[in-house]
Amino acid sequence: MREWMGSLGARIFLAFALLISMSLAITYFNVVKDVERFHLAHTEDSLTQKARMLRPFIRQLLEEGKDLQPWVLAMGKPSGVRITVILPGGKVAADSEHDPATMESHWSRPEVQMALKRGLGMSQRYSTTLGRKLLYAAVPVKDMEGRLLGVLRVAYPLAPVKEALHPLFRRLLLENLLLVLLALSLALLFSRYVSSQLKTVADCTQAMAQGDLTTRVPETGVRELKILARSLNSMAASLQELFKAREDERQKMNLLLSSMPDLVVVTDRKGTILFANQAFFRLFGKEEKLWRALRTPRLAELFTRVWEEKKVKEEVSTPRGTFEVTAIEMVPGKEALLLFHDVEERKRLEKMKTDFVANVSHELKTPLTVVKGYLETLEMAKSPEEREAFIKKMEKHIQRLISLVSDLLLLSSLEEGDTLYSRAPVDMEAILEKTAQWAEQASRDKGLTFSFQKRGTPRPIIGSPYLLEQLLINLLDNAIKYTPQGKVTLSVDYRGEEVSINVEDTGIGIPHDKQDRVFERFYRVDPSRSRESGGTGLGLSIVKHIVGFHQGKLMLKSREGEGTSITVTIPLES
Ligand SMILES: Nc1ncnc2c1ncn2[C@@H]1O[C@H](COP(=O)(O)OP(=O)(O)OP(=O)(O)O)[C@@H](O)[C@H]1O
Ligand SMILES: [Mg+2]
């Protein structure tokens, strides 16, 4: 109720109620007054007429000097009025409703005075004689010569006049009240209707303001409200679209920033971190202030300059590495964006590149120089046998060049991506047989024992037969190459969803601290010994790439002086 009192509906209702009640009340009182006035005038007229009608009889009686009282009494009743005859000077000669002998002088009565002055006197007053309110009309009675014989007064009680009007007024009042009631009910209904419509609109708008943009205002009711609802709905729809677009943008931005290798930070002027991407947090942790995260005085200087120069680029060393920092004033005087680009990574890549070129050149140069040397000395060969021996040596070095170049080509094609080699079901048995045969021969040549063990039921692998053969050759080649005496074992085991291939030897082994590095390109544990055996350090890095191509795993176990075991596990076709 209290809530309703403050509503627009309540105000409309109260205004209506006031207006209707007031206008009906005014109408009612005006009608009552007018009717009363009309009725009074009518009564006055009829009284005057009666007085004028009675006057000739009174004149005659007065001229003849007869007793008026019996006549007055006889006339009073049927005419329905009180008749009084007052003699000049005020003495009451006759009265239809009172004994004239006991009545005081009536000369000073207002109606009598007025009748004397104007020929007709009217008065409305309380009769002390009769004790009730009366309407009086008085006329002077004169003889032929115009001498005053007395005053005739007729009176009529006012109460019956009013009483006669009461039923009319009562009906009028009742009808008015009914009208008021009807009008108020209509006003109440209308105000409630408008109120409830407005409340629906208000509720929906509030829901929209609180972020629920899926809300729609029902497009019903009066025309203006329908228009309002329609505009609100289209506004909500546009906002929804706008927010969605913004959210999409934000998500794209977040994805972009989080997948960026560079570090991105936004700070305020005091260095409080307002935003940072994952790369930044990963490296520097979740700090509130930039200074605490980076801990370098160089940054403070860069940070003061950015507000003057708008954009500053500088190389900054932090405990977590060296970065090329680009600071940009994002919101003038308030927010700055800092981009950290890891310089060390770039330097490392550059070094790798130059190292690679140097290594390749060196590896190529050595056999070429040797071949050139033999070519020069070939001419000086004394005998055909000696020449033959030189040619044999040249052939060996050229073969080494060829295998080096083909290793490099294989490695670069593997690094380039998967697309160069197609995947198909591979007959692993055939490849194993072929390489085992080759390894047995090579082992025998070196005086080593070779054994080949198989376990489980063979099943196909999805992969490249060429690459799988290269993998086996490289592992077996190493085992034979780095085993001066003893034995080399190749074993295959099909179990569950994978096949594991193991190559084990009783050779020189790999020192523990070098085991991680042997898979790097051109890395050799002992370069002088490898060179002697013709190794370039590419074999194991090729193996690592081939295992990766087949989504397999690689495990190395080795003890210096005791031997090495390398296991490759490759998933089977499911
Ligand atoms: N079975 C093994 N026993 C001992 N040392 C090994 C064995 N396999 C590899 N190594 C060491 O790891 C190094 C890297 O091997 P990798 O096969 O990559 O190169 P490489 O054999 O020297 O030359 P390439 O294979 O390119 O002809 C070798 O130089 C060697 O020092
Ligand atoms: Mg090798």
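Because the structure is a prediction, the values reported are computed rather than measured.

Chemist: Could you give me a rundown of the packing of helix α12 (residues 428-446) against helix α13 (residues 465-481), with the residues and numbers involved?
Modeler: Between two packed helices, both the angle of their axes relative to each other and the distance between the axes serve to describe the pair. Taken N-terminus to C-terminus, the directions of α12 and α13 make an angle of 20 degrees; their axes are 10 Å apart at the nearest point. Overall, the two elements α12 and α13 adopt an arrangement that is roughly parallel. Handedness of the α12/α13 crossing: right-handed. Contact residues: α12 offers M428, I431, L432, K434, T435, W438, A439, A442, S443 and K446, while α13 offers P465, L468, E469, L472, I473, L476, D477, I480 and K481. For the contact of α12 with α13, the per-class residue count stands at 12 nonpolar, two polar and five charged.

Chemist: Pulling in residues and values, what's your account of the UniProt feature "domain: HAMP" (unreviewed entry) in the protein?
Modeler: Under the UniProt annotation, "domain: HAMP" (unreviewed entry) lies at residues 192-244. Secondary structure content for residues 192-244 is 75% helix and 0% strand, and the end C-alpha separation is 38 Å.

Chemist: Quick rundown of the side chain of N233? Include the residues and the values.
Modeler: Looking at the secondary structure, you find N233 in helix α6 (residues 223-259). A distance of 2.7 Å separates the side chain of N233 from the backbone nitrogen of V217, its partner in a polar contact. Excluding residues within four positions of it along the chain, N233 makes contact with M208, R216, V217 and E219.

Chemist: Report on a nonpolar patch on the surface, specifying residues and quantitative values.
Modeler: A cluster of nonpolar residues, F16, F190, Y193 and V222, forms a patch on the protein surface that exposes about 350 Å² of accessible area. The residue F190 is located in helix α5 (residues 158-209) in this model.

Chemist: Which residues make up helix α11 (residues 384-416), and what are the values?
Modeler: Over its 33 residues, α11 extends 47 Å from the first C-alpha to the last, a length consistent with the 48 Å expected when each residue adds 1.5 Å. Those residues of α11 not exposed but buried are F390, M394, H397, R400, L401, L404, D407, L408, L410, L411, S413 and L414.

Chemist: Give a description of the pattern of salt bridges that names residues and reports values.
Modeler: Summed over all chains, the structure comprises 37 salt bridges. Among the salt bridges present, the one from E111 reaches R153, with a minimum N-O distance of 2.8 Å. In this pair, E111 sits in helix α4 (residues 110-118) while R153 sits in strand β5 (residues 148-157), placing the two residues 42 residues apart along the sequence. Residue E111 shares its accessibility class with R153, and that shared class is buried.

Chemist: With reference to specific residues and values, describe the sheet that holds strand β1 (residues 82-86).
Modeler: As summarised here, the arrangement of the five strands in space is β2-β1-β5-β4-β3, forming an open sheet in which the pairing is antiparallel. Edge positions in the sheet fall to β2 (92-95) and β3 (121-127), since each of these pairs with one other strand and no more. Here the strands of the sheet are splayed against their neighbours by 25 degrees on average, with no regard to which way each runs. In the sheet, β3 pairs with strand β4 (residues 132-142) via seven bridges, with the strands oriented antiparallel. Within the sheet, the bridge partner assigned to M122 lies in β4 and is A137. Those strands touched by helix α2 (residues 8-64) are β1, β3, β4 and β5, and its axis lies near 45 degrees from that of β4. Across the sheet, α4 touches β1, β3, β4 and β5, and the angle it forms with β3 is around 170 degrees.

Chemist: Outline the packing of helix α10 (residues 343-378) against α11, listing residues and values.
Modeler: Remark: α10 packs on α11, axes separated minimally by 9 Å, with the N-to-C direction vectors making an angle of 165 degrees. When the axes of α10 and α11 are compared, the pair comes out roughly antiparallel. With respect to the hand of their crossing, α10 and α11 are arranged in left-handed fashion. Contacts between α10 and α11 involve F356, V360, E363, L364, P367, L368, V370, V371, Y374, L375, T377 and L378 from the former and R387, F390, I391, K393, M394, H397, I398, R400, L401, L404, V405 and L408 from the latter. Partitioned by chemical class, the residues of the contact of α10 with α11 number 18 nonpolar, two polar and four charged.

Chemist: Could you give an account of the packing of aromatic side chains, naming the residues involved and the relevant values?
Modeler: Tallied over the entire structure, the rule returns 13 aromatic pairs. Taken together through their ring pairs, the aromatic side chains of F280, F281, F284, F323 and F340 make up a single cluster. Above the plane of the ring of F281 lies K286, whose end atom (NZ or CZ) is 4.2 Å from the centre. Above the ring of F549, the side-chain terminus of R423 is found at 4.1 Å from the ring centroid.

Chemist: Got a sec to walk through the domain arrangement of the protein? Specific residues and values, please.
Modeler: Domain assignment breaks the protein into domain 1 (11-15 + 17-164), domain 2 (259-344), domain 3 (347-401) and domain 4 (421-571). Averaged C-alpha coordinates put domain 3 and domain 4 at centres separated by 27 Å. When the buried area of domain 3 at its contact with domain 4 is split by residue, F356, E363 and R400 rank highest and sum to 65% of it. E363 is paired through a salt bridge with R524; the nearest N and O atoms lie 3.1 Å apart. Here domain 3 is connected to domain 4 by one residue pair in polar contact (both at pLDDT 80 or more). The biggest single contributor to the side of domain 3 that touches domain 4 is α10, with six residues.

Scoring rules and cut-offs
- Residues numbered from 1 in each chain as written.
- Chains lettered and ligands numbered in written order.
- Predicted model: local features only at pLDDT ≥ 70, side-chain atom pairs only at ≥ 80, totals over all residues.
- Heavy atoms only, no water.
- Axes fitted to C-alpha atoms, helices over the stretch in contact; angles between N-to-C directions.
- Helix = DSSP H or I, 4+ residues; strand = E, 2+ residues; numbered from the N terminus.
- Parallel < 35°, antiparallel > 145°, perpendicular 65-115°, else oblique.
- Left-handed = near helix turned anticlockwise from the far one by under 90°.
- Contact = heavy atoms within 4.5 Å.
- Nonpolar A, V, L, I, M, F, W, Y, C, P; charged D, E, K, R; others polar.
- UniProt positions renumbered as here; feature names shortened; annotations may be inferred.
- Polar contact = N/O pair within 3.5 Å; in protein donor to acceptor, adjacent residues only side chain to side chain.
- Patch = residues over 30% accessible without salt bridge, like charges linked within 9 Å, V, L, I, M, F, W, Y side chains within 5 Å.
- Areas by Shrake-Rupley, 256 points an atom, 1.4 Å probe, with all protein chains shown as cover.
- Salt bridge = Lys/Arg side-chain N within 4 Å of Asp/Glu carboxyl O.
- Expected span 1.5 Å × (residues − 1).
- Buried < 20%, exposed > 50% of the residue type's maximum accessible area, 1.4 Å probe, protein only.
- Pairing = 2+ DSSP bridges.
- Phe/Tyr/Trp six-rings, centres within 6.5 Å; stacked < 30°, edge-to-face > 60°.
- Lys NZ or Arg CZ within 6 Å of the ring centre and 35° of its normal.
- Domains from an automatic or database assignment.
- Buried area = accessible area lost by both parts, 1.4 Å probe.

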